[in-house]
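Residues per chain are reported as follows:
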Amino acid sequence: MNKIVFAFILIALQACAQKSYLAQLDPMGKFPSKLKEVSGMEITHDGEIWVIEDSGNKDHVYLVDQEGDIKKSLEIDHAKNEDWEDLAMDNNGNLYIGDFGNNGNDRKNLVIYKVPKDEMGKKEPNAEKIEFKYPEQKEFPPKKENLYFDTEGFFHLDDHLYIFTKNRTRPYSGKTWIYRVPDKEGDYKAEFLGDLFLCSNQDHCSVTGADISPDGKTIALLSYGYIFLLTDFDAPNFTNASIKIIDINTPTQTESICFVDNRTLFIADEQNNHGGRKLYRLDID
């Protein structure tokens, strides 16, 4: 059996092991026109919802309510929005901003900004830098079959930030590469933890957001129109996790996801020709 045939059989077996469901998002509200490109979202232990926008927008984090209305805007000091793509939060309330959007796979200045909890009460909170690189990337950009180094999703767990890359490979492999870096200020080589096959449809299977449930038992990976729920894993190894695919049946550009509790998700989409710019709720029971 040649390697190509074996690879297709392996992908088919993985796909058969996944369970797929249809679900309907429950719209909660709509963001104002100044928040057309919400790319990341996180909710605090007190129920505060923070969002960011991606490249070309301000160096701000926005506090919004459950109708999407802006309640507060904070300009992050020492943090430039080259391409902010996701938010994460640790158990101590420190906020992390993932400036790792890398559409062309050619960036050499990847960084996660850490905003300490005691800075969040200031109008211009100061941020610490967690700079990193992917050791597996040797070319900037790499060849089309190796375009694994764009990122739009991460979360915090046990003193580390876990990164799930956005697949832009051609031909499309359906995989996300998983990395982690420490949650402390510094300059790091990201630790490669393996890859995870999600599905083979390039329009729906690339990660645009990520979060982990408060009990640490479920990971939600968002893509355009799909949510992948990962369970039965033993961190930091997620490559053998059970995967349930939820088809949320939307043509909009779903970019942000976070757990409210262990069974409830908030999702946000950007504005495009199909609509969007909304905040949604999904109960995953």
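Scope of this entry: the structure provided in the associated data block. This is a predicted model, so every value here is computed, not measured.

**Side note on the overall build of the protein**
Helix and strand content of the protein: 1 helix and 22 strands. Seen through its C-alpha atoms, the protein measures out along the principal axes to roughly 60 × 40 × 35 Å. Scored against the burial criterion, the 285 residues of the protein give a buried share of 53%. Across the protein, every contact between residues at least 6 apart in sequence was considered, and the portion connecting residues at least 24 apart equals 50%. Just so you have it, the protein exposes about 13100 Å², and 46% of that area is on carbon and sulfur atoms. Computed over 33 positive and 49 negative side-chain charges, the separation of the two mean positions in the protein equals 3 Å.

**As for the nonpolar core**
Within soluble globular proteins, side chains that are nonpolar generally end up buried alongside one another. Ranked by size, the top nonpolar core spans 24 residues in total, and within it Phe155, Phe164, Ile219, Leu221, Phe228, Leu230 and Phe238 carry the most contacts. Of all the secondary-structure elements, those providing two or more residues to this core are strand S11 (150-157), strand S12 (160-166), strand S15 (191-197), strand S16 (209-212), strand S17 (219-222), strand S18 (226-231) and strand S19 (242-247). With 3 residues, the single largest contributor to this core is S18. Among residues more than four places away in sequence, those in contact with Leu230 are Leu196, Lys217, Thr218, Ile219, Leu221, Ala241, Ser242 and Ile243.

**Notes on the sheet that holds strand S10 (residues 128-133)**
Strand order across the open sheet formed by 5 strands is S7-S8-S9-S10-S14, with mixed pairing between neighbours. Edge positions in the sheet fall to strand S7 (86-89) and strand S14 (186-189), since each of these pairs with one other strand and no more. Sheet twist, expressed as the average angle between the axes of neighbouring strands with direction ignored, equals 20°. Relative to S10, strand S9 (residues 111-115) is paired through 4 bridges, and the arrangement is antiparallel. In the strand pairing of S10, Lys114 is matched with Glu128.

**A word on the environment of Val51**
Locating Val51 in the fold gives a position in strand S4 (residues 49-53). Note on Val51: relative accessible area 0%, which makes it buried. Residues within four places of Val51 in sequence aside, it is in contact with Phe31, Leu35, Val38, Gly40, Met41, His60, Val61, Tyr62, Val64 and Leu87.

**So, the pairing of strand S8 (residues 95-99)**
With 5 of 5 residues buried, S8 lies mostly within the body of the structure. Burial along S8 is two-sided: the face carrying Leu95, Ile97 and Asp99 and the face carrying Tyr96 and Gly98 are both buried. As paired elements, S7 and S8 share 4 bridges and run antiparallel to each other. Looking across to S8, one finds that Leu87 is bridged to Ile97. In this antiparallel pair of consecutive strands, S7 and S8, the connection spans 5 residues, and Gly93 shows a positive phi of 90°. Relative to S9, S8 runs antiparallel, the two being bridged by 5 bridges. Directly across from Leu95, in S9, lies its bridge partner Val115.

**Details of the environment of Ala268**
Summarising the element assignment, Ala268 is placed in strand S21 (residues 264-270). Spatially, the C-alpha atoms of Ala268 and Tyr280 are 6.1 Å apart, while their sequence positions differ by 12 residues. If we ignore the near neighbours within four places in the chain, the residues touching Ala268 are Phe31, Val38, Met41, Thr254, Glu255, Ser256 and Lys278.

The rules behind these values
- Residues numbered from 1 in each chain as written.
- Predicted model: local features only at pLDDT ≥ 70, side-chain atom pairs only at ≥ 80, totals over all residues.
- Heavy atoms only, no water.
- Helix = DSSP H or I, 4+ residues; strand = E, 2+ residues; numbered from the N terminus.
- Buried < 20%, exposed > 50% of the residue type's maximum accessible area, 1.4 Å probe, protein only.
- Contact = heavy atoms within 4.5 Å.
- Areas by Shrake-Rupley, 256 points an atom, 1.4 Å probe, with all protein chains shown as cover.
- Lys, Arg positive; Asp, Glu negative; His and termini not counted.
- Charge placed at Lys NZ, Arg CZ, Asp CG, Glu CD.
- Core = buried A, V, L, I, M, F, W, Y, C linked by side-chain atoms within 4.5 Å.
- Pairing = 2+ DSSP bridges.
- Axes fitted to C-alpha atoms, helices over the stretch in contact; angles between N-to-C directions.

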